[in-house]
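Examination of the molecular architecture
Residues per chain are reported as follows:
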Amino acid sequence: MFYLFWINGYTCVCRVAMSALQRWNPVDGFCERLLPSDRWQWSDVTGLKHQPLDGFELSSEHWEWEADWYVDENFGGEPTEKGGWRYAIDFPATYTKDKKWNSCVRRRRWIRYRRYKSRDSWAKIPSGETGPLPDPFNDISCGGWEISEDPRSRLSLWAVSLQGKVWFRDGICHHNPEGTSWEEVMTPGEVVQISCGPGDLVWAVLWEGQLLVREGIGRDNPKGQCRPVVLTLPVHSHLTLIDNGCASPTVATSALNSCLH
């Protein structure tokens, strides 16, 4: 099985938040006995994913907890009552820090911080994908840091397998340096080399020596359009190498023994 290694040289601390819900009834008051139509008693901050507090697992061995879970007693910059509860009429609704006569439900948030510990070292990317894993890679390129103005935004990581397939590592950003999964990007032929620049351009060289360019890459669509564009090259130009630099791409040809810009 193939593993990619990631080298990391900055501090990465992420906050994990969980929500605990309770509903009021005339017998017990506020308690953990919810209605069948309610959300999970323990969930992520969206309330849509069941997530017990003691069931959260770190994504890989390269993360560690900084401290234990604690209750968030801050609501919009103001302190809540002891215990951190926020009140509302029902789930989901607008919560307030003050308990009212019609407050039938309440929620509080538990917070814990995790730190990426594999700094200044090579670390294996976990292979926990449920789909098919890529074949071993023979080329890889990283870029895309100028697509967004946010310095902590995502990066683009492209790879080419020995079978000529192109893969994109989804979800790489400041809070997730390992990314989430590999996604295959379809091409009109077998690719031998790929180059990703700092902006919205990704170039690739086919086995036959043709040049591909991936269009439509942006902040909301880091992989670009579904089908790349095959560029027409000068006669007798058989590409062997491409470098997508900061200024403009440079390609090397075998037949002309020269470089094209």
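Quick note: structure is the one above.
Below you will find a few notes about this structure. (Residues numbered from 1 in each chain as written. Predicted model: local features only at pLDDT ≥ 70, side-chain atom pairs only at ≥ 80, totals over all residues. Heavy atoms only, no water.)

Once that is clear, we can look at unusual backbone geometry. In this structure, the amide linkage connecting Phe91 to the following residue, Pro92, adopts the cis form with an omega of -20°. Within the element layout of this structure, Pro92 appears in the loop between strand E9 (86-88) and strand E10 (105-116). (Helix = DSSP H or I, 4+ residues; strand = E, 2+ residues; numbered from the N terminus.)

So, on to the sheet that holds strand E14 (residues 166-170). Spatially, the 4 strands line up as an open sheet ordered E12-E13-E14-E15, and their pairing is antiparallel. Sheet topology places strand E12 (137-143) and strand E15 (181-185) at the edges, where each strand pairs with a single neighbour. Strand after strand, the sheet turns through a mean of 25° between neighbouring axes, direction not considered. Inspection of the sheet shows E14 paired to E15 by 5 bridges, in the antiparallel sense. Across the sheet, residue Val166 finds its bridge partner in E15, namely Val185. (Pairing = 2+ DSSP bridges. Axes fitted to C-alpha atoms, helices over the stretch in contact; angles between N-to-C directions.)

We now examine the state of the cysteines. A full pass over the atoms with the stated rule returns 0 disulfides. The cysteine Cys173 is free of any disulfide, with Cys14 supplying the nearest cysteine sulfur at 7.7 Å. Cys173 gets classed as partly exposed once you look at its relative accessible area, which sits at 27%. (Disulfide = S-S within 2.5 Å. Buried < 20%, exposed > 50% of the residue type's maximum accessible area, 1.4 Å probe, protein only.)

To describe a pair of aromatic rings, you give the distance between the ring centres and the angle between the ring planes. If you walk through the whole model with that rule in mind, you get 7 aromatic pairs. With centroids separated by 5.7 Å and ring planes inclined at 65°, the aromatic side chains of Phe30 and Tyr87 adopt a geometry described as edge-to-face. Of this pair, Phe30 sits in strand E3 (residues 29-31) while Tyr87 is found in strand E9, placing the two residues 57 residues apart along the sequence. You'll find Phe30 and Tyr87 in the same group, each marked buried. Measuring from ring centre to ring centre gives 5.7 Å for Trp65 and Trp69, while their planes differ by 50°; the resulting arrangement is tilted. Here Trp65 falls in the partly exposed class, since its relative accessible area comes to 24%. Each member of the aromatic cluster is reached from another via a ring pair, and the members are Phe56, Trp65 and Trp69. In this arrangement the basic side chain of Arg107 is found over the ring face of Tyr95, its NZ or CZ atom lying 4.1 Å from the centre. Residue placement shows Arg114 over the ring face of Trp63; its charged tip is 4.1 Å from the ring centre. (Phe/Tyr/Trp six-rings, centres within 6.5 Å; stacked < 30°, edge-to-face > 60°. Lys NZ or Arg CZ within 6 Å of the ring centre and 35° of its normal.)

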